[in-house]
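Coordinate inspection notes
Below are the chains, spelled out letter by letter.
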Amino acid sequence: MAPEQMDRLEKRFITVASGKGGVGKTWLAASLAHLMARKGARVLLFDGDLGLANIDIQLGLTPARDIGDVLAGDCTLAEAVLAYEAEDFGRGAFDVLAGRSGSGALGNLAPETLRGLRADLTRLAARYDHVILDLAAGIDPSVLTLSQHRGVVLTVMSPDPTSLTDAYAFIKLVHQRMPAADIRIAVNMAPTKRDGERSYEALRKVCQTFLKIDPPLAGIIRHDKRVTDAIRHQAPLLARHPQSEAAAGISDLLRSLKLTVPA
Ligand SMILES: Nc1ncnc2c1ncn2[C@@H]1O[C@H](COP(=O)(O)OP(=O)(O)O)[C@@H](O)[C@H]1O
Ligand SMILES: [Mg+2]
């Protein structure tokens, strides 16, 4: 593929990463995919948490094929795509590439395998307006390889202080490897908006001081027990609790990302 075409397709990527686990990346990635689909975009949601895949669990899917089959050479990435039928859609809402949940088998892929997977994903992006990558916690090679692209790198943190240091460690590595990376920050599970702003400002300050970068705030999502309820029912929050605080947070976040649908 020509480098310009590769660049153009990579701009469609939105990575959801964090450093720390349990900050709501998977939920946020799936909710963003759902909202974008509701707005008419063609969206692919990729389960890039290769070791502990769980998008299928959160969405209540039983994938016939997953990324494990692709890596085993049993099918192509395109053949492993499944359509997610949200309850508020008459047809497939968005597409999903499921990981192999519970096996841990894809946790330690060789660098060339990871690069191959990313290249295949980039080619597949030609069929979509946006590709959302839900990544694993931590800063292992799979996370760093999959986060390197010309799209948006959405770093999710919670108000937990350890989440700040882990988000910073992640941002630092991405910035070192790709100084032009479009890094943005989302604060999830904020008790109040003010708490969320304080967490963002603390992370912003360390980024300014030590990395000389100023990543913008993408949004603050409040802690909301209806998120847990939706996940427990394996239903998207926007369908089950459209009026919730967290649903409003997802809408604000998508608006602030100011994504353009590629021509
Ligand atoms: N805004 C929120 N309010 C309340 N609970 C949340 C929120 N976001 C996520 N959670 C909870 O956090 C848990 C972990 O979410 P998950 O998306 O699996 O995180 P990660 O992918 O970062 O490990 C979920 O089970 C969900 O109940
Ligand atoms: Mg996750």
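This report concerns the structure included in the present document. (Residues numbered from 1 in each chain as written. Chains lettered and ligands numbered in written order. Predicted model: local features only at pLDDT ≥ 70, side-chain atom pairs only at ≥ 80, totals over all residues.)

The subject of this paragraph is the overall build of the chain. Helix and strand counts for the chain come out as eleven helices and eight strands. Taking 2.2 N^0.38 as the reference for a compact globule, 263 residues should give roughly 18 Å; the C-alpha atoms of the chain span a radius of gyration of 17 Å, in line with that estimate. Dimensions of the chain along its principal axes, counting C-alpha atoms only, are 50 × 40 × 40 Å. Counting every position in the chain, which comprises 263 residues, the buried fraction comes to 47%. Sequence-distant contacts, at least 24 apart, represent 74% of the contacts inside the chain between residues at least 6 apart. (Helix = DSSP H or I, 4+ residues; strand = E, 2+ residues; numbered from the N terminus. Rg over C-alpha atoms; globule rule 2.2 N^0.38 Å. Buried ≥ 20, exposed ≤ 12 C-beta atoms within 10 Å, placed from the backbone. Contact = placed C-beta atoms within 7 Å.)

Glancing now at helix α5 (residues 111-124). Between its first and last C-alpha, α5 extends 20 Å over 14 residues, near the 20 Å set by a 1.5 Å rise per residue. Those residues of α5 that fall on the buried side of the exposure criterion are L114, L117, L121, T122 and L124. The buried residues of α5 occupy one face: seen down the axis, they fall within an arc of 160°. In this structure, the buried residues of α5 make contact with α1 (3-10), β2 (43-48), β5 (130-135) and α6 (141-147). (Expected span 1.5 Å × (residues − 1). Arc of directions from axis to C-beta.)

With that out of the way, let us pick up unusual backbone geometry. For M189, which is not glycine, the phi dihedral falls at a positive 65°. Residue placement: M189 occurs in strand β7 (residues 182-190).

Near ligand 1 there are 18 residues, and of these G24, K25, T26, W27 and T228 occur at the shortest range. Secondary-structure elements contributing two or more residues to the shell around ligand 1 are α2 (25-38), β7 and α9 (225-232). (Near = placed C-beta within 6 Å.)

Turning our attention to the sheet that holds β2. Pairing in this open sheet of eight strands is mixed, and the strands run β3-β4-β2-β5-β1-β6-β7-β8 from one edge to the other. Sheet topology places β3 (82-84) and β8 (217-222) at the edges, where each strand pairs with a single neighbour. Ignoring strand direction, the axes of neighbouring strands in this sheet form an average angle of 25°. Pairing between strand β6 (residues 152-157) and β7: six bridges, direction parallel. (Pairing = 2+ DSSP bridges. Axes fitted to C-alpha atoms, helices over the stretch in contact; angles between N-to-C directions.)

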